[in-house]
Amino acid sequence: MKDLQISTRETDIIIRELEQTFVLDGDVVEFGCYAGDTSVLLAEALKQHPQKWLWLYDSFEGLPEKTAEDSSAAGWRFKKGELKVDAETVAHKFRKLQLPDPVIKKAWFQDLDADNDLPSQICFALLDGDFYESIKTSFALVAPKLVDYGVIVVHDYRNQELPGSARAVNEFLEAHSNYKLRLSSGLAIIEKHPLNVEAQG
Ligand SMILES: C[S@@+](CC[C@H](N)C(=O)[O-])C[C@H]1O[C@@H](n2cnc3c(N)ncnc32)[C@H](O)[C@@H]1O
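Below, the structure is looked at part by part.

As a further point, take the pairing of strand S1 (residues 27-31). Counting buried positions along S1 gives 5 out of 5 residues, so the element sits mostly inside the fold. Neither face of S1 is exposed, since Asp 27, Val 29 and Phe 31 on one face and Val 28 and Glu 30 on the opposite face are all buried. In terms of strand pairing, S1 meets strand S4 (residues 122-127) through 5 bridges, oriented parallel. Paired with Phe 31 across the two strands is Leu 127, which belongs to S4. Examined bridge by bridge, S1 and strand S2 (residues 54-58) share 4 bridges and lie parallel to one another. Note on S2: the bridge partner recorded for Val 28 is Leu 54.

In structure tokens, the structure reads:
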């Protein structure tokens, strides 16, 4: 299995979207950091903004079980326990590159406590938990903390092997009319707009 989970083209887009949010308040989060290869790129971009923290979340136990929403004729890969890596591998990568320490939380997303385990405000979130329940839970944790004009990028939106990602995105958008979707490469880029502007428009 190749180690890089996100293509260079996609990481270029992710970093460009991240940079647009630097004018906003709030920290940066990645749900599903795996070995931290994209995390270090986020951290590199954040270097000029030392007031912003990078928060990384992963089970570090690999993927959970798929649910019915993840079933796909195209997909037999992505099994429970795949993509297991030690949190120390991620921490070591940051030290080696002399990047500021991120906050690393080892937990299943559904066990996270929004008050204690997440920043109070978020300007940018990368959701890369692969499966429907993982992405849905990530949305539920991030959305209440996302500042206006903050951005959520979701990986695998067009990945037919991981249909749960698009399903979770589409459901979220149906329930939240003030979030606007753009597609770029295989990424769903979702921007939060103020609710009152939505009401006037
Ligand atoms: C595709 S990898 C992430 C790749 C990473 N973003 C990158 O760019 O290299 C998906 C990760 O999500 C984690 N994950 C998936 N569902 C999870 C859940 N419900 N709770 C915690 N971690 C989860 C897995 O452990 C795995 O490391």
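So, on to the packing of helix H5 (residues 132-142) against helix H6 (residues 163-175). Orientation of H5 relative to H6, taken along the N-to-C sense of each, is 35 degrees, at an axis distance of 7 Å. As for the relative orientation of H5 and H6, their crossing is right-handed in sense. Facing Tyr 132, Ile 135, Lys 136 and Phe 139 of H5, the residues of H6 in contact are Gly 164, Ser 165, Arg 167, Ala 168 and Phe 172. Classifying every residue of the contact of H5 with H6 by side-chain character gives 5 nonpolar, 2 polar and 2 charged.

This next bit is on the site of the ligand. Every one of the 21 residues lining the ligand counts as a neighbour, but Gly 32, Tyr 34, Thr 38, Ser 59 and Ser 134 are closest to it. For the shell around the ligand, the residue count by class is 10 nonpolar, 7 polar and 4 charged.

Our next topic: the nonpolar core. The biggest cluster of nonpolar side chains holds 44 residues, and the ones touching the most others in it are Val 28, Val 29, Ala 125, Val 142, Ile 152, Val 153 and Val 154. For this core, the leading source of residues is S4, giving 6 residues.

Here the focus is the sheet that holds strand S7 (residues 187-192). What the 7 strands build is an open sheet, ordered S3-S2-S1-S4-S5-S7-S6; its pairing is mixed. Of all strands in the sheet, those bounded by a partner on one side alone are strand S3 (103-106) and strand S6 (179-184). On average, each strand axis in the sheet is inclined to that of its neighbour by 15 degrees, with strand direction left out of account. Each of S1, S4, strand S5 (146-154), S6 and S7 touches helix H1 (residues 8-20); the most contacted strand, S5, lies at about 175 degrees to it.

Here the focus is unusual backbone geometry. The phi dihedral of Tyr 34 falls on the positive side, at around 50 degrees, and the residue is not glycine. Note that Tyr 34 resides in the loop between S1 and helix H2 (37-46). For Tyr 34, a count of 25 C-beta atoms within 10 Å translates into the label buried. Positive phi, close to 65 degrees, is recorded for Leu 83, a residue that is not glycine. Looking at where Leu 83 falls in the secondary structure, it is placed in the loop between S2 and helix H3 (87-96).

Each α-helix turn comprises 3.6 residues. Residues three or four places apart therefore point the same way. Taken as a whole, H2 has its buried residues at Thr 38, Ser 39, Leu 42, Ala 43 and Leu 46. An end-on view of H2 places all buried positions within 145 degrees of arc, on one side of the element. Against the buried residues of H2 lie H1, S1, S2, H3 and S4.

The interhelical angle for the contact between H1 and H2, taken along N-to-C directions, is 35 degrees, at an axis separation of 10 Å. Judged by the twist between their axes, the crossing of H1 over H2 is right-handed. Residues Thr 11, Ile 14, Ile 15, Leu 18 and Glu 19 of H1 lie in contact with H2, whose contacting residues are Thr 38, Leu 41, Leu 42 and Ala 45. Considering only residue class, the contact of H1 with H2 consists of 6 nonpolar, 2 polar and 1 charged.

Next up on the list: the environment of Ala 87. By the element assignment, Ala 87 lies in helix H3. In sequence terms Ala 87 and Lys 106 are 19 residues apart; their C-alpha atoms lie 7.2 Å from each other. Aside from chain neighbours lying at most four places away, what touches Ala 87 is Phe 60, Ile 104 and Lys 106.

Calculation criteria
Residues numbered from 1 in each chain as written. Predicted model: local features only at pLDDT ≥ 70, side-chain atom pairs only at ≥ 80, totals over all residues. Buried ≥ 20, exposed ≤ 12 C-beta atoms within 10 Å, placed from the backbone. Helix = DSSP H or I, 4+ residues; strand = E, 2+ residues; numbered from the N terminus. Pairing = 2+ DSSP bridges. Axes fitted to C-alpha atoms, helices over the stretch in contact; angles between N-to-C directions. Left-handed = near helix turned anticlockwise from the far one by under 90°. Contact = placed C-beta atoms within 7 Å. Nonpolar A, V, L, I, M, F, W, Y, C, P; charged D, E, K, R; others polar. Near = placed C-beta within 6 Å. Core = buried A, V, L, I, M, F, W, Y, C linked by C-beta atoms within 7 Å. Arc of directions from axis to C-beta.

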